[in-house]
Amino acid sequence: MKELKSKEVIIGLIIIIILGIIAIFLLIRREKREIAVKENTATESTREEDWAGEEKESTDEGENDQSDEQMSSSQQNENKNILKVETTQESVLPKEEAKLYTILGQENYQSYTLAERKTDDGQLKELFEYWDAYKMEAVNDLLRLERIKKISAELNGTNKFYYYGALDSLGRPHGRGLAVYGNNTYYCGDWKEGLRSGQGMWLQVAIYDEENEELNLGVLEHMYNGRWNKDLPNGQGQEHFSYDYTILDVEDKIIANVIGNFKDGYYNGEMYIMSTDSQGNTKDWDGVCKKGVWDILLEGNTTKGVWRSTEMNQEDYEYYFMFPQDNVNQGIYGLKK
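Because the structure is a prediction, the values reported are computed rather than measured.

Engineer: Quick rundown of the packing of aromatic side chains? Include the residues and the values.
Structural biologist: The description of two aromatic rings rests on the distance between their centres and on the angle between their planes. Under the counting rule described, the total for this entry stands at 18 aromatic pairs. Here Phe321 and Phe323 contribute two aromatic rings whose centre-to-centre distance is 5.2 Å and whose plane-to-plane angle is 90°, an arrangement assigned as edge-to-face. Cation over ring: Arg117 sits above Tyr162, and NZ or CZ is 5.8 Å from the ring centre. The residue whose ring lies beneath Arg196 is Tyr187, and the NZ or CZ to ring-centre distance is 5.7 Å.

Put into structure tokens, the structure is as follows:
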């Protein structure tokens, strides 16, 4: 009986020691999280002060030097083609910004009118038949041929397009058909009364001048494939970018895919995002967007980011941070209305 009681006492002491160790571990972890939150708050405050200082400095320079103002305007126009984003983990904001490259061109949607192509040599028919059969390897080869690029180049600087496919009684695209726009941009899919409506793929191919390599921002293709209504992405679809990884900066983090619901070209609803880097490493995220503005993810009063990683890192998620001034008009470049 005495031996049994001694064993019980020993077991009880072991349990007490284990519970004590667990309590100490939880206390240390709690203190670390409180420190992280304080650091994050201080970092956010510092950034707000930096932004305010930068705005004031920019204003003062503009008043004192007209040439600086012109340079700032030029830089702003250039930045329309670059969306800057950041990643953050455990509430600590990063020191460096990452970039999302897009193909240069019209940022927002513009309407197009049908133009008659005087030379009917069957090239649009050939391209449409391959595309409509979804033989994309053949399509990609054709789009890089000089004879096809020349057709698109005829429309550069215009709001017109060439068309091959079904027509209605008024001569408008209606049914399945192919459109060729300027700047190596194409659409193949459904039409209704002259507008893109139904299921279709919009594709912009980047073909750079070898003598002007500085124009190559790394994007090879920009694509949207999904539902359309009244000439714009509306409904379920996917935006996709293909990149030349060899020229991207090492620190770049860029969007490869955005899948979900679209409203007039804007991200709208629950979205799945896949990012990539210069090494081709990918990471999956999810977030909620409302007509081009991402919902802010909070933990208490702390801003965590706009996307959350779909993979758990122990007990903490990784978040994707975006500055408030960038979190506007989020959607498909060239197809937002």
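Engineer: I'd like a rundown of the nonpolar core, residues and numbers included.
Structural biologist: Ranked by size, the top nonpolar core spans 24 residues in total, and within it Tyr187, Trp191, Tyr267, Met271, Ile273, Trp294 and Trp307 carry the most contacts. Counting only elements with at least two residues in this core, the list comes to strand S4 (160–167), strand S5 (173–181), strand S6 (185–192), strand S8 (219–229), strand S10 (253–263), strand S11 (266–277) and strand S12 (282–290). Excluding residues that lie within four positions of it along the chain, Tyr267 makes contacts with Glu239, Val258, Asn261, Phe262, Cys289, Lys290, Lys291, Gly292, Trp294, Gln330, Gly331 and Ile332. Counting 21 residues, the second-largest nonpolar core is a separate cluster that includes Leu124, Ile151, Leu155 and Met223.

Engineer: Can you break down helix H4 (residues 136–143) residue by residue, with the values?
Structural biologist: Side chains that are three or four residues apart share a direction in an α-helix, a result of its 3.6 residues per turn. Among the residues of H4, Met136, Val139, Leu142 and Leu143 are the ones counted as buried. Down the axis, H4 shows its buried residues gathered within 115° of arc, on one side only. Buried residues belonging to H4 abut helix H3 (123–132), helix H5 (146–153), S6 and strand S7 (195–205).

Engineer: A description of unusual backbone geometry should follow, citing residues and the corresponding values.
Structural biologist: Residues other than glycine seldom take positive phi values, yet Asn183 does so here, at roughly 60°. Position of Asn183 relative to the elements: it lies in the loop between S5 and S6. Residue classification places Asn183 among the partly exposed positions, given a relative accessible area of 46%. The backbone phi angle of Asp264 is positive, close to 50°, even though this residue is not glycine. Along the chain, the position of Asp264 falls in the loop between S10 and S11. The exposure class assigned to Asp264 is partly exposed, which follows from its relative accessible area of 21%.

Engineer: Quick rundown of H3? Include the residues and the values.
Structural biologist: Every buried residue of H3 is listed here: Gln123, Leu124, Leu127, Phe128 and Trp131. All buried residues of H3 project into a common sector of 130° when viewed along the axis, lining one side. For H3, the secondary structure elements touched by its buried residues are H4, H5, S4, S5, S6 and S7. Tyr134 lies just past H3 and shows a positive phi near 55°.

Conventions adopted
- Residues numbered from 1 in each chain as written.
- Predicted model: local features only at pLDDT ≥ 70, side-chain atom pairs only at ≥ 80, totals over all residues.
- Heavy atoms only, no water.
- Phe/Tyr/Trp six-rings, centres within 6.5 Å; stacked < 30°, edge-to-face > 60°.
- Lys NZ or Arg CZ within 6 Å of the ring centre and 35° of its normal.
- Core = buried A, V, L, I, M, F, W, Y, C linked by side-chain atoms within 4.5 Å.
- Buried < 20%, exposed > 50% of the residue type's maximum accessible area, 1.4 Å probe, protein only.
- Helix = DSSP H or I, 4+ residues; strand = E, 2+ residues; numbered from the N terminus.
- Contact = heavy atoms within 4.5 Å.
- Arc of directions from axis to C-beta.

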